[in-house]
Protein chains: 8
Amino acid sequence: MSKILVSIVMGSDSDLEIMREAGKALDDFGIAWEIDVTSAHRSPDRSADYAKKAADRGIKVIIAGAGGAAHLAGVIAAHTILPVIGVPIPSTSLNGMDSLLSTVQMPGGIPVGTLAIGKPGATNAALLAIAILANSRPELREKIRQFRAEQAEKIAKETLAS
Amino acid sequence: MSKILVSIVMGSDSDLEIMREAGKALDDFGIAWEIDVTSAHRSPDRSADYAKKAADRGIKVIIAGAGGAAHLAGVIAAHTILPVIGVPIPSTSLNGMDSLLSTVQMPGGIPVGTLAIGKPGATNAALLAIAILANSRPELREKIRQFRAEQAEKIAKETLAS
Amino acid sequence: MSKILVSIVMGSDSDLEIMREAGKALDDFGIAWEIDVTSAHRSPDRSADYAKKAADRGIKVIIAGAGGAAHLAGVIAAHTILPVIGVPIPSTSLNGMDSLLSTVQMPGGIPVGTLAIGKPGATNAALLAIAILANSRPELREKIRQFRAEQAEKIAKETLAS
Amino acid sequence: MSKILVSIVMGSDSDLEIMREAGKALDDFGIAWEIDVTSAHRSPDRSADYAKKAADRGIKVIIAGAGGAAHLAGVIAAHTILPVIGVPIPSTSLNGMDSLLSTVQMPGGIPVGTLAIGKPGATNAALLAIAILANSRPELREKIRQFRAEQAEKIAKETLAS
Amino acid sequence: MSKILVSIVMGSDSDLEIMREAGKALDDFGIAWEIDVTSAHRSPDRSADYAKKAADRGIKVIIAGAGGAAHLAGVIAAHTILPVIGVPIPSTSLNGMDSLLSTVQMPGGIPVGTLAIGKPGATNAALLAIAILANSRPELREKIRQFRAEQAEKIAKETLAS
Amino acid sequence: MSKILVSIVMGSDSDLEIMREAGKALDDFGIAWEIDVTSAHRSPDRSADYAKKAADRGIKVIIAGAGGAAHLAGVIAAHTILPVIGVPIPSTSLNGMDSLLSTVQMPGGIPVGTLAIGKPGATNAALLAIAILANSRPELREKIRQFRAEQAEKIAKETLAS
Amino acid sequence: MSKILVSIVMGSDSDLEIMREAGKALDDFGIAWEIDVTSAHRSPDRSADYAKKAADRGIKVIIAGAGGAAHLAGVIAAHTILPVIGVPIPSTSLNGMDSLLSTVQMPGGIPVGTLAIGKPGATNAALLAIAILANSRPELREKIRQFRAEQAEKIAKETLAS
Amino acid sequence: MSKILVSIVMGSDSDLEIMREAGKALDDFGIAWEIDVTSAHRSPDRSADYAKKAADRGIKVIIAGAGGAAHLAGVIAAHTILPVIGVPIPSTSLNGMDSLLSTVQMPGGIPVGTLAIGKPGATNAALLAIAILANSRPELREKIRQFRAEQAEKIAKETLAS
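Here we summarise the structure given alongside this text. Computed from a predicted structure; not experimentally measured. (Residues numbered from 1 in each chain as written. Chains lettered and ligands numbered in written order. Predicted model: local features only at pLDDT ≥ 70, side-chain atom pairs only at ≥ 80, totals over all residues. Heavy atoms only, no water.)

Here we look at unusual backbone geometry
Residue and element names in this part refer to chain G. What counts here: Helix and strand definitions here come from DSSP, where helices need a minimum of 4 consecutive H or I residues and strands a minimum of 2 consecutive E residues; each element is numbered from the N-terminal end. Exposure categories follow from relative accessible area, calculated using a 1.4 Å probe and restricted to protein chains: below 20% of the type maximum is buried, above 50% is exposed, and the middle band is partly exposed.
Phi is positive for N95, which is not a glycine, with a value near 60 degrees. As for its placement among the helices and strands, N95 is situated in the loop between β4 (84-89) and α4 (97-104). With relative accessibility at 25%, the residue N95 sits in the partly exposed group.

What follows is the structure, given as structure tokens:
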């Protein structure tokens, strides 16, 4: 069994539909991951505790998804030295613009690398985590190259089908 | 010496120019207050600790000002049962729209009563705190009535001076 | 029968779907409340009259929900010394951004503590009202602590179900 | 001495720099006007009273300028049957976008004819008032035609000077 | 048969669903109106011609509705001395924010009194036109007062039904 | 003397500071141009007339710059079959967002090719006009290639100077 | 068989529903075109290669549609001297505002003539391409005039049907 | 001499004032870096070439800053398998909102981890790069812990100075 390298956390179980895209992409690259629901606001101590212990448990990257006044990624980042990647979840009223600004506009000192709002962001959060892991795992580099080549080839074929 | 009833916290000492407006308004009503700089991201444990202990120290209302991905009010609210009032600080690039959305768009469960961006918001944060305190302090109610009357009178006089 | 402590007002009966979330939360805490439809624009005298008399009737907090050029909370706040809490109702064209700015951007002098757009905002309006009331009602403080604990526990369980 | 036909009101004397553009344009057309400072929030009874009495005093159009959560035009409109014209004043943080939405997004039932943010809006508020008055004052129609012709001519000359 | 006093124009027949709200309100006040489809961009000469002749045909107010880069009200206003009232039509991609800014942000010199985006704006465009007409038609003033009273009464009754 | 191929129009002489960037770029490519001030709103007949005659005068591309409710490019496009290129001028209150949406969100049927807000947009308007002209002027193609090469080289040198 | 003069490219086959509007308009004018799917990000070399070879293949105008961080038109423009026309595709979360800004806000040096978000933009991209081609094809000029006349006539008839 | 691990690229030398904040932070952690000016639009081949060769040269993370239609980070990411971190540069007209959306809203398949607009974003880009490098460099982990502790301590001291 593989060691878990990437942790996915989200502020509510309603975010699962978006965040499972991150899990799918990690699966495609054979990277073991875990998922947890924890809220920056409703379970703050648990969120802080989770973040503080992640590095010692061998986690290498944390992906955090939240919507609205989306503080989860920032709170996680405040309590860990690991790279933290944020996914703004689309919100009911403002379409995720609030989630995006709450996640990306962090003050100097505590970084959150933020991806696009919604599913493309969740997929890319996983791909960024994989690129980070690949820095010390040459076999992952090769897999990314192959993924990129297949992706480009798929685009080229779409033309024919149009 | 009066007991401190209102706590003002802010995420950076650069927020002081805005937040001192809250202090001025509290002074006008003779309400004792304290001020602290603590960051949701850069000193998260201190922020949580501050929030957790405030009620037992006799604080009745916490006013929190922050800019950008403004998580301070939300983090404070997550760790206290006191009423928390948020002041969005104007941000360099987005004029405080990011601060506003990060403060106001809290998920159901943890409320932050949010005021306007910048100085009018800081003044009104104090006035809202005073209205909250006035619920069990009749002499404050009388002072608010007087403040309102003077305010209306001042407006009426502005016309003559125009 | 309990004395009514919280008043909920809204600008149109179409806002009821959102604002009843506030009523539900107040019910959960055993707080008696009343609800009224009154418009800042279409029934301005009635709105002013309502606000002027609320304090003497024993109301402690007024929650006001409105959409579009959402002036109701501001008009109520102008006519009462009670703490006023605003809920921006999602609007047809601009998703509640107009409601939010019209409610929160009050000038210094008359505060409206504003919550999130829509249902989370209505729920949190009630929770903020409860936190305000709890300042002089120790039994409510205990209830809030219990609510918070249950809320955190519920989040923790969501992970297992994911 | 001419009878006053147009009333200009504004929420704060700091709005005077913008609103005097309306006065200038009315002067150019020889229309008598008055100006008043009254706030929807800080002097609400005075604002309502002013609006209620305007029609009987012979006023034909009310121009109202306010910034931020700009409720003045709406409050005036709620208390008069006269045509009300709104001028959104540029706000410190959000450049008048809040003022615009608070003024223009009125619910069906109480209209506010809204002009552009700032000085062009104040000028045009006067010009719209003049067009309204001109409906029953043929000599004003002639003056508008002349103003338009001179304006077009001035534009044509600007090219030569470029 | 009554003389037509108000003209409603719109940029596309797809705007009819919104703009007929203006017609309904005019009908309620017994004011004769006409409606036309003419585009600032696709039939510019017809639009200009329509605007130029409206005053001489006895029209007193023109209501113009358009969406997207909504130039119709501005083009009409450029070619008439009549009061022109603009209704921003909700647009497919930007929810009418483009329509609103294109209609309201007119340069000093040519005014367009702008109402809310969509149906409330169309209703209020008619009500503003009626308020303009009422300046020289006392019987209309009485009707507006009655409409306002009924409107306020209807709001008061909504509470009971809630 | 070269034949004038490109016309630059702008809604106000205050737009000249921006629009002269277009002139500079045309000069760099040796293309003769003319400039005119004409307003969609304040001199509508002149604007329409100008647009209608441009093609017969040998103009090949019209560049139109305007701010606020920026209708000039759309009005010009409505009256000519030539390619029309729009430059949104930065506006006082909304930084050109209103100018951009008013220029670019044209309805299907009348196209305006829109460039960036402000000076980069004016420069690029000229470069797009040149690319259009180059379709039937091979010597211009060569000049564009040279311009592009110099531009890339300049960027490369900036690194050394950093 | 006609020579292909216009190339339509799009970043994903999901953009086809929008971009086929461009193809329809080109068909109406009898202009031969080709369509291709190529992504600025997922198939960057293919996109660059496509752009570099287009001019030599006789293409006169390239229309590029993309959504989100819509870089396709900019990447194409960077690699060709042909006129490039951009169509912002509506995006899931931000309704195409991201697509619009990513396409239109190009830096001085590389122009992209941008049309409206979505279908009207795709139609107008084709019409702008046709206007560009018409500069050296008099028979196209005549067709545009006829199209414009029919379009104006159709608008006039819509009134009757309303 | 240390091996260069982080590359900073920017679209224009005017971005240097912002991007040097990233260099400062890397210096504080003793990490060797290089800086380059290369434009996604004006020197596209050089940008692609730079990205393609970076991994083989031993670079571990690329930080890319650009403004407006900010394509640089996306173009770099399209041509490398390394983790790419984007910094939106404040833009003249839209305050960096265009830069932010152009950088962050990448389609699924090519990730760009985006930081805040302007200087805080540049600082955090370096800190995120350091966190990434620290995954396989334990001594860096220790340095981050120390930096975080000093940062928290500094905040605590700010209170005293207020």
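Some remarks on the relation of the copies chain C and chain B
Between the two copies of the chain lies a rotation about an axis combined with a shift along it. For clarity, the cut-off: The atoms used to superpose the copies are C-alpha atoms, taken from residues with pLDDT of at least 70 in both, and the fit is least squares. It only takes one pair of heavy atoms within 4.5 Å for two residues to be counted as in contact.
With an RMSD of 0.0 Å, the operation that places chain C on chain B is a rotation of 180 degrees combined with a shift of 0.0 Å along the axis. On the angle and the small slide along the axis, the relation comes out as a two-fold axis. A shared interface surface links the copies, since 100% of the contact residues of chain C are contact residues in chain B too.

Let's talk about the relation of the copies chain B and chain D
Mapping chain B onto chain D calls for a screw motion: a turn of 90 degrees about the axis and a shift of 0.0 Å along it, with 0.0 Å RMSD after fitting. Here the transformation between the copies is reduced to the relation of a four-fold axis. An overlap of only 8% is found between the interface residues of chain B and their copies at the interface of chain D, pointing to separate contact surfaces.

What about the pattern of salt bridges?
Short version of the rule: Put simply, a salt bridge is a Lys or Arg side-chain nitrogen that is within 4 Å of an Asp or Glu carboxyl oxygen.
The tally for this structure, following the rule as stated, stands at 60 salt bridges over all chains. Between E17(A) and K119(A) there is a salt bridge whose closest N-O contact spans 3.5 Å. You can see E17(A) sitting in helix α1 (residues 16-28) and its partner K119(A) sitting in helix α5 (residues 119-134), a full 102 residues away along the chain. Note on K119(A): relative accessible area 34%, which makes it partly exposed. For E21(H), the salt bridge is made with K24(H), and the minimal N-O distance between the two is 3.1 Å. Here E21(H) pairs with K24(H), and both are found in helix α1 (residues 16-28), just 3 residues apart, close to one helical turn.

Focus on the packing of helix α4 (residues 97-104) of chain A against helix α4 (residues 97-104) of chain H
What counts, and what does not: Think of each axis as a best-fit line through the C-alpha atoms, taken over the contacting stretch in the case of a helix, with angles from 0 to 180 degrees between the N-to-C directions. Here roughly perpendicular refers to angles of 65 to 115 degrees, roughly parallel to angles under 35, roughly antiparallel to angles over 145, and oblique to all remaining angles. Polarity classes work like this: nonpolar for Ala, Val, Leu, Ile, Met, Phe, Trp, Tyr, Cys and Pro, charged for Asp, Glu, Lys and Arg, and polar for all others, with Gly in that last group.
Orientation of α4(A) relative to α4(H), taken along the N-to-C sense of each, is 95 degrees, at an axis distance of 13 Å. With respect to their mutual orientation, α4(A) and α4(H) come out roughly perpendicular. Facing α4(A), whose interface residues are M97(A), L100(A), L101(A) and V104(A), α4(H) presents M97(H), L100(H), L101(H) and V104(H). Here the contact of α4(A) with α4(H) is built from residues that sort into 8 nonpolar, no polar and no charged.

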